[in-house]
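Fold and geometry: a report
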Amino acid sequence: MELAKRYDATTNEAELRHRWAENGIYHFEPTSSAPVYAVDTPPPTVSGHLHMGHLYSYSHADFMARYRRMQGDNVYYPMGYDDNGLPTERLVEKLLGRRAADLGRAAFIAECLKLGEEMEGEYRELWQQLGLSIDWRHTYRTIDDRARRISQWSFLDLYRQGLAYRQQAPTLWCPECQTAIAQAEVDDLARESEFVTLAFTPANGDPLPIATTRPELLPACVAVFVHPEDPRYHHLLGQNVRVPLFGQSVPLLSDPGADPAKGTGAVMCCTFGDVADVGWWRTHALPLRIILDPQGRLTDAAGAFAGLTVTQARQAINTALVEAGLLLERKPVTQTVRVHERCDTPVETLVTPQWYVRVLDHKTELLAAGEQIEWHPPHMQAIYRSWVENLAWDWCISRQRAFGVPIPLWYCNKCGAVITPDDAQLPLDPLTTAPGHPCTCGGSDFTPERDVFDTWATSSMSPQIIGQWQQPTGAYDHLFPMTLRPQAHEIIRTWAFYTIVKSLYHFGKAPWRHALISGWGLAPKGMGKISKSRGGGPLAPKRAIERYTADGVRYWAASTAPGKDAIISEEKMQAGAKLVNKLWNVARFSQRFLLTEAELATLDMATVDFSPADRWLLARMQQVVGRVTDAFAHYDYAAAKYEVESFFWTDFADNYLEMAKQRLYHPDRAYHQGARVALHQSFLTLLKLLAPLLPYVTDAIYQALFAATEQCPSIHMARWPQPVAGDVAADATALAVGETLVQIATVVRRFKSEAQLPLGSEVAALEVATLDEPWSALLQAATEDLKSITRARTLELLAQDPQAVAHNRNDHAFVLLNPANAPLLALHVRPA
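First things first, this report covers the structure right here in the doc. Computed from a prediction, not measured in an experiment: that's the story for all the values here.

1. Points about the packing of helix α10 (residues 380-389) against helix α14 (residues 492-507)
The contact between α10 and α14 brings their axes to 10 Å, and the two run at 75°. By the criterion of interaxial angle, the relationship of α10 to α14 is roughly perpendicular. Where α10 abuts α14, its residues M380, I383, Y384, W387 and V388 lie against I492, R493, F497 and I500. A breakdown of the residues in the contact of α10 with α14 according to their chemical character gives eight nonpolar, no polar and one charged.

Next up, the structure:
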């Protein structure tokens, strides 16, 4: 099949996707004896349209899956959709313009399920366009029966082990989403605020200045703390002080947690402003004053300020303090505020009953589990380690929302006991299903649990959900622990951490052997990270693929090393599209010269007469095979791309093809067959090395030019290039000669450029001076190569000292060349 003059990406990509699916190119074979390479693919949250950041990070896992498949591994590469929690709820509320509570639980859940199906169809179409080599027979939703059953089993198993518990305690709370959240869901956000200094009143009557950014918490003040070694306040220790405006009397206590250098050195403790308040409240057994409700408004305990939001109360209380003469100083300050990552709303700490998973008591084991995983890049392990070491809360897994996996239990109204179901009943919704048996106390009246799980409580079981755990296929034993977890760096503290927690608690081992961490796709001009919920960035994924081809987009994704953020660069995508077109053009040129099936069947490399350029190309090719293989083996797809792309443009396209062109066109020339063999082998190898990164154009060329002779229907089922033994591959002299030929060609190109001559113009002769007889013979053998690339009519070898020639000859200017591993040469270009 002769290749078309131009590469039609739209047509080729659609045809190849159909052929891949029809032939099951990416199917996992459960009965195969090949090594299993299982990918714990990130299930994208259903919270909006996918953006270029997703194309960036999801390409990285595909690079590795394709590479391992060509290495002969039995690749298990599924896809999921995380659609059971708050992100999906928030999107539905936004689209409907109504809150879940206003619509009703059943109707709202129906809307969430409907939206999930629509968005997941959109996601799948985009993933397929991008060329992800997913086995689409293995997909899941985190709200489907299998995921809900495994999630509920996980909770019950943790509860039976004493690792899950319910407690009414201070909880991180989002007033906007009106639910508890976990420590890992809190981000830091800088904002402009105000530091106000207020006059508290000790028993001796002298004002005690205390600075705060949260005067709205004054009605919740239960103590004042100073550092035990702060001499300014020794005389007040043990006394009570009166809180300004609200008048309650609170003790002045000492604690090392009070920073003498911050503000006035005295700090008010309120229930609750931050983690320090919670710690002091517990350590010093302080009273509890609840002044915020779940909607983020002040309660009746705030007196005249009841019903106000936090922001409104701050303004009103500051005004009242000024009028009462109790506000001593105010100054602007840039403050770091803890916000909910889903909505950027400042979080509060409320006392609510929640379900938790114990993690604080198991930091040592969790750190050890992290050590069992090979992180790529390695420094990402430090993020995991730092997170575990600095944990301050157990994992809160309950959420006060409508859509999610229900917590499967009931409470006995007679004795208060927790009633759990049998595993055979799972999955279930306690709101619509009864326990089926009385309580041990004899009670038969129950209150169902209304809360649902945090979405991470389900997606943390992704290895089991996608690994067909407890299924009759028996595949799980071959898939777990999984080989690879690909994910972004910002969810190391959530998805990676929580999956390690679950795997350790349930199965006693780390969930995967490798973790490949991607950076963010960043919008240009300082726009920062893009996200589904915040717009999606300046370039739509489908538009990028249509404009630059899927391979061009993947080229951009492969241009930055693992773990690093990348600017969304249309310039790099354009460079990728240029590479695609160049590959196609080289394929069109090469097609007429490639070896036939019959020629390959009788090919004996030992009898092929190669020119020095052929030997150089084959030796360079083997260097590149080794370097690219090593880069992929270490999960460095960017280094792999650099190596193979540099070889293609500089060595193969710009230099070798120009050296071999005349020999290829003329069968009667010396080394004609050597050029054909070198071209065939190197171009096929080159396509295979690029196949994990540019799957479309490489397979389109392969199927047209090589599939018949290789007897393999797709390049993605072909075997990865292996180092070739023998003199051609290992010949250091061939490498040195080749580099010398390239340097000579470079000098000639520079000469033509400076003389304002077309690069294709002829020169009369090349004169090369050397006293090294073996090298003179090598250069003589390369005459056809040099004449082809330089358009020189003749090559003249001078048995003279290069330095003396360059120094003494006045009629011509000689250029000294000193290639690595080669003798000194002098070169002169004689114009036509």
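2. A closer look at the layout of surface pockets
What the second largest pocket holds in volume is close to 1100 Å³. Breaking the lining of the second largest pocket down by element, the ones donating at least two residues are β7 (186-202), β8 (208-212), β12 (267-270), α7 (275-283), α8 (310-323) and β13 (327-340). For the lining of the second largest pocket, the element with the most residues is β13, which contributes six residues. Along the lines of polarity and charge, the residues of the lining of the second largest pocket split into 17 nonpolar, 15 polar and 11 charged.

3. With respect to the packing of helix α15 (residues 541-557) against helix α21 (residues 695-705)
How two helices sit against one another is set out by the angle between their axes and by the gap between those axes. Between α15 and α21, the least distance of the axes is 7 Å, while the angle of their chain directions is 125°. On the basis of their axis angle, the class for α15 and α21 is oblique. From α15, A550, D551 and R554 reach across to α21, where they touch P695, Y696 and V697. A per-class count over the contact of α15 with α21 returns four nonpolar, no polar and two charged.

4. Some points on the nonpolar core
Ranked by size, the top nonpolar core spans 145 residues in total, and within it W127, L583, F632, F652, F683 and L766 carry the most contacts. In terms of residues, this core owes the most to one element, helix α19 (residues 637-665), which gives 13 residues. Those residues in contact with F632 that lie beyond four places of it in its chain are F63, M64, Y67, Y637, A640, L689, P692, L693 and W720. Ranked by size, the runner-up nonpolar core spans 65 residues in total, among them V359, L409, M482 and A515.

5. A look at the sheet that holds strand β19 (residues 418-419)
Strand order in the open sheet formed by three strands is β19-β18-β20, and the pairing between neighbours is antiparallel. Each edge of the open sheet carries a strand with a single partner, namely β19 and β20 (446-448). As defined by bridge partners, strand β18 (residues 410-412) adjoins β19 across two bridges and the pair is classed as antiparallel. From the neighbouring strand, W410 faces β19, where its bridge partner is I419.

6. So, the environment of A392
Secondary-structure assignment places A392 in the loop between α10 and β16 (395-396). Overall, the relative accessible area of 43% leaves A392 in the partly exposed class. With sequence-adjacent residues up to four places away left out, A392 is seen in contact with Q183 and L360.

7. Section: the pairing of strand β30 (residues 825-830)
Of all the six residues making up β30, five are buried; the element is thus mostly covered by neighbouring parts of the structure. Of the pairings in the sheet, the one linking strand β27 (residues 763-769) to β30 comprises five bridges and is antiparallel in character. Among the inter-strand pairings, E767 is bridged to a residue of β30, identified as H828.

8. With respect to the pattern of salt bridges
For the structure shown, the criterion picks out 40 salt bridges. One salt bridge in this structure joins E117 and R141, with 3.9 Å as the shortest N-O distance. In this pair, E117 is assigned in helix α5 (residues 105-130) and R141 in strand β4 (residues 139-141), connecting sequence segments 24 residues apart. Classification of E117 as exposed rests on a relative accessible area of 54%. One continuous salt-bridge network, built from bridges that share partners, spans D83, E117, E120 and R141.

9. Thoughts on the packing of aromatic side chains
Inspection of the entire model under this criterion finds 38 aromatic pairs. Arranged with centres 5.5 Å apart and planes meeting at 80°, the rings of F593 and Y665 form a pair that is edge-to-face. With F593 in the loop between α16 (570-590) and α17 (597-601) and Y665 in helix α19, the pair connects residues that are 72 residues apart, well separated along the chain. Taken together, the aromatic side chains of F647, F648, W649, F652, Y656, F683 and F706 make up a single cluster linked through ring pairs. Above the face of the W649 ring, K578 is positioned so that its terminal group lies 5.6 Å from the ring centre. Over the aromatic face of F589 sits the side chain of K661, whose NZ or CZ is 5.6 Å from the ring centroid.

Quick notes on the rules
Residues numbered from 1 in each chain as written. Predicted model: local features only at pLDDT ≥ 70, side-chain atom pairs only at ≥ 80, totals over all residues. Heavy atoms only, no water. Axes fitted to C-alpha atoms, helices over the stretch in contact; angles between N-to-C directions. Helix = DSSP H or I, 4+ residues; strand = E, 2+ residues; numbered from the N terminus. Parallel < 35°, antiparallel > 145°, perpendicular 65-115°, else oblique. Contact = heavy atoms within 4.5 Å. Nonpolar A, V, L, I, M, F, W, Y, C, P; charged D, E, K, R; others polar. 1 Å grid on protein atoms, 1.4 Å probe; cavity = no way out; pocket = protein on both sides within 12 Å on 5 of 7 lines; lining within 4 Å. Points joined across faces, edges and corners; volume = space filled by probe spheres on them. Core = buried A, V, L, I, M, F, W, Y, C linked by side-chain atoms within 4.5 Å. Buried < 20%, exposed > 50% of the residue type's maximum accessible area, 1.4 Å probe, protein only. Pairing = 2+ DSSP bridges. Salt bridge = Lys/Arg side-chain N within 4 Å of Asp/Glu carboxyl O. Phe/Tyr/Trp six-rings, centres within 6.5 Å; stacked < 30°, edge-to-face > 60°. Lys NZ or Arg CZ within 6 Å of the ring centre and 35° of its normal.

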